[in-house]
Amino acid sequence: MTKVRLLIVEDDEVLRELLVEAMEDYGLDCISAGNGKEALSLLHSERVNFVITDIKMPIMDGLTMLKEWRKIDSDSPPILLVSGYSEIESSRDAKLVGAVGFHSKPYDVEDLHQLVMSYCNTSG
Ligand SMILES: [Mg+2]
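Here we summarise the structure given alongside this text. Since this is a predicted model, take the numbers as computed values, not measurements.

## Digging into the coordination of the magnesium ion
Protein coordination at the magnesium ion: the donors are E10 (OE), D11 (OD) and D54 (OD), at 1.9 to 2.7 Å from the metal. Donor residues for the magnesium ion, ordered by position in the chain, follow E-D-x42-D. For E10, a relative accessible area of 3% gives the class buried.

Here's what the structure looks like:
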């Protein structure tokens, strides 16, 4: 069985490392980026099954990253947006850009893991 490969995009280094460690503890293979631009360059060269991205980030935010990526590759893996800001607007934005959903911060890593697996299992 191939490992599920997850891309975690978060500008807060502490939060990013915590999430990477938590997901690795669940047995997932993780790569990470500190902003949308970094994430896009990773996505050009790496295969991932799922993306969890923060929305508010310097250099390139999560929504812009998603829109840019859709222009290049319409068949991208499921993307979950997370943010501590403006829940209603963010979840509306998430739908507009075709994300699978929106999760507000602070999140429960168990919830996030289950969500990732529910998408990765059904898409084979
Ligand atoms: Mg952030």
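## What to know about the sheet that holds strand 2 (residues 29–33)
Read across the sheet, 5 strands follow the order 2-1-3-4-5 without closing on themselves; strand pairing throughout is parallel. Each edge of the open sheet is held by one strand with a lone partner, namely strand 2 and strand 5 (101–104). Taking the axes of each pair of neighbouring strands and ignoring which way they run, one obtains an average angle of 20° across the sheet. Bridging between strand 1 (residues 5–9) and strand 2 involves 5 bridges; their strand directions are parallel. The residue bridging R5 from the neighbouring strand is D29, located in strand 2. Across the face of the sheet, helix 1 (residues 13–25) comes into contact with strand 1, strand 2 and strand 3 (50–54) while running at roughly 170° to strand 2.

## Quick notes on the nonpolar core
In this structure, L7, V9, V51, M65 and L81 are the most contacted members of the largest nonpolar core, which totals 22 residues. Only strand 1, strand 2, helix 2 (36–45), helix 3 (62–72) and strand 4 (79–83) provide two or more residues apiece to this core. Per-element tally for this core: the top contributor is helix 3, with 4 residues. Once residues within four sequence positions are removed from consideration, L81 is found in contact with T53, I55, L63, L66, A94, V97, A99, G101, F102 and H103.

Rules used in this analysis
- For every chain, the first residue of the written sequence is number 1, and numbering continues from 1 onward in sequence order.
- pLDDT decides what is reported in this predicted model: residues at 70 or higher carry local features, side-chain atom pairs at 80 or more are listed and counted, and totals for whole chains, interfaces and linings draw on all residues regardless.
- Calculation of side-chain values draws on the structure's entire complement of heavy atoms; hydrogens and water are dropped beforehand.
- Counted as coordinating are nitrogen, oxygen and sulfur atoms within 2.8 Å of the metal, or 3.2 Å for Na, K and Ca, while water is not included, which may make sites look incomplete.
- Working definition: with a 1.4 Å probe on protein chains only, accessible area under 20% of the residue-type maximum means buried, over 50% means exposed, and in between means partly exposed.
- DSSP bridges decide pairing: two strands pair if at least two such bridges lie between them.
- Runs of E in the DSSP output that reach at least two residues are strands. Runs of H or I that reach at least four are helices, and both are numbered from the N terminus.
- For helices, the axis comes from a line fit to the C-alpha atoms of the stretch in contact; other axes are also lines fit to C-alpha atoms, and the angle between any two N-to-C directions lies between 0 and 180 degrees.
- It only takes one pair of heavy atoms within 4.5 Å for two residues to be counted as in contact.
- As used in this record, nonpolar core signifies buried Ala, Val, Leu, Ile, Met, Phe, Trp, Tyr and Cys residues forming a set joined through side-chain atoms within 4.5 Å.

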